[in-house]
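Notes for the structure review
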Amino acid sequence: MKEQNLRITLLTHTHPDGDAVGSTTGLYHYLEHLGHRPTLVLPDACPENLQHLLPERLCIHNQDPEQGDALLENCDLLVCLDFNQLKRSGSAEAAATRSQAKKILVDHHINPERTAFEEVYSEPVRSSTCELVYYLLLQQPDVNGKAQNLPFQTLYSLTTGLLTDTNNFNNSTTPATFRMAADVCEQGIDLDEITGRLYRSSRPNRLDLMGYLLNERRLRFPELGAEIMTFSLADQKKFDYLSGESEGFVNLPLQTKQVHLSGLFTETTEGYVRVSLRSKRGFSANRLAQQYFNGGGHENAAGGRLYLPIQEVPAYFENAVRAFMEQSENRAQVL
Ligand SMILES: [Mn+2]
């Protein structure tokens, strides 16, 4: 088979964020530059502030499951980016699992599901999947270690995830993160333009909602050094909430010196509560999410799901964190 005829499908996780959309579209444009015609499958729609990155050949799986399944099953190469287990691809999971395509994982979360893939590029030390993709692409013979040999669109997309997953270079950075940032700036990437699209183009609803959740829906657990916000479907309706509009809210309580763990609990129409946890260094949001919230992620940024009515979440959270802190290895590091 001529290489150019390879059918390539790119897939990422549900509720695609800047790193998910950035890494998949960054690779998409590189593959296109090589003469391939890849297709991107998103499990569900991405927030408005990332839509400018979306490419021509795109399928939103939960809006068109038939086409999505066909793209996942009838391809030669299935590249999965920014998630570590096929179940994180939501409605795309079944077809991705069935697919006989060669499956490649490119990701920076810990504990990748290695048995599900033929090739695994897993580097948890990377700030973002975008950073990992950047350094993998630099190693390609045609790129030869030079950012100038990568398409501008690839650099543009990859910069998005570099910014969002590091919370604008606030966490998870290494010298390689800043080297990449310097490289892309040298190639004409305008960070101010990208951050403007990401962070300075929200609807007024976002600020209204932020104020409301902080003032009306925030619960404090001072003994535990923790705060949470709960976001019910009724509140979502009240603020005409669009998916992704609460991005970053979970970080807000960590601005307080006394708070080292923060949680945002978002009720969904699918019968579960989406859990988002953030912690300061020394408290493992990842272990907490694994043990009590059916999830996991990174050391200080993790997610999960709770199958509880939203009203029961605060009591569950309090008990879970208390039990978690009673485990000596968790308590020791916080204090
Ligand atoms: Mn990521």
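Residues numbered from 1 in each chain as written. Predicted model: local features only at pLDDT ≥ 70, side-chain atom pairs only at ≥ 80, totals over all residues. Heavy atoms only, no water.

**Considerations on helix α8 (residues 204-216)**
- The end-to-end C-alpha separation of α8 is 18 Å, in line with the 18 Å expected for 13 residues at 1.5 Å each.
- The set of residues buried in α8 consists of N205, R206, L209, M210, Y212 and L213.
- Residues of α8 that are buried in the fold lie against β7 (218-221), β8 (226-231) and α9 (233-238). (Helix = DSSP H or I, 4+ residues; strand = E, 2+ residues; numbered from the N terminus. Expected span 1.5 Å × (residues − 1). Buried < 20%, exposed > 50% of the residue type's maximum accessible area, 1.4 Å probe, protein only. Contact = heavy atoms within 4.5 Å.)

**Here we look at the pairing of strand β1 (residues 8-11)**
- Burial along β1 is two-sided: the face carrying I8 and L10 and the face carrying T9 and L11 are both buried.
- In this sheet, strand β4 (residues 77-81) lies alongside β1 in parallel orientation, the contact comprising four bridges. Within β4, the position partnered with I8 by the bridge is L77.
- As defined by bridge partners, β1 adjoins strand β2 (residues 39-42) across three bridges and the pair is classed as parallel. For L10, the partnering residue across the bridge sits in β2 and is L40. (Pairing = 2+ DSSP bridges.)

**Some thoughts on the sheet that holds β4**
- Strand order in the open sheet formed by six strands is β3-β2-β1-β4-β5-β6, with parallel pairing between adjacent strands. Taken across any chain shown, the strands that pair with only one partner, and hence form the sheet edges, are β3 (58-60) and β6 (119-122). Averaged over neighbouring strand pairs, the angle between their axes works out to 15 degrees when direction is ignored.
- Most of the contacts of helix α4 (residues 129-138) go to strand β5 (residues 102-107), to which it runs at about 115 degrees, and overall it touches β4, β5 and β6. (Axes fitted to C-alpha atoms, helices over the stretch in contact; angles between N-to-C directions.)

**Comments concerning the coordination of the manganese ion**
- Distances from the manganese ion to its protein donors, namely D19 (OD), D82 (OD), H108 (NE2) and D165 (OD), fall within the range 2.2 to 2.4 Å.
- One chain supplies every donor to the manganese ion, and in sequence these donors are spaced D-x62-D-x25-H-x56-D. With D19 in helix α1 (residues 18-33) and H108 in the loop between β5 and β6, the pair connects residues that are 89 residues apart, well separated along the chain.
- Among the residues examined, H108 registers a relative accessible area of 2% and is labelled buried. (Donors = N, O, S within 2.8 Å, 3.2 Å for Na, K, Ca; no water.)

**Let's talk about the packing of aromatic side chains**
- Under the definition given, this model contains 13 aromatic pairs.
- Centre to centre, the rings of Y134 and Y135 are 5.0 Å apart; their planes meet at 80 degrees, and the pair counts as edge-to-face.
- Taking 4.8 Å as the distance between ring centres and 45 degrees as the angle between the ring planes, the aromatic pair formed by Y212 and F239 counts as tilted. On the criterion of sequence distance, the pair formed by Y212 in helix α8 and F239 in the loop between α9 and β9 (261-267) is long-range, its members being 27 residues apart.
- Judged by its relative accessible area of 14%, F239 is buried.
- An aromatic cluster is built from F221, F265, F293, Y316 and F317, whose rings are joined through pairwise contacts.
- The ring centre of Y272 lies 3.9 Å from the NZ or CZ of R305, which sits over that ring. (Phe/Tyr/Trp six-rings, centres within 6.5 Å; stacked < 30°, edge-to-face > 60°. Lys NZ or Arg CZ within 6 Å of the ring centre and 35° of its normal.)

Remember, this is a structural readout, not a statement about activity or role.
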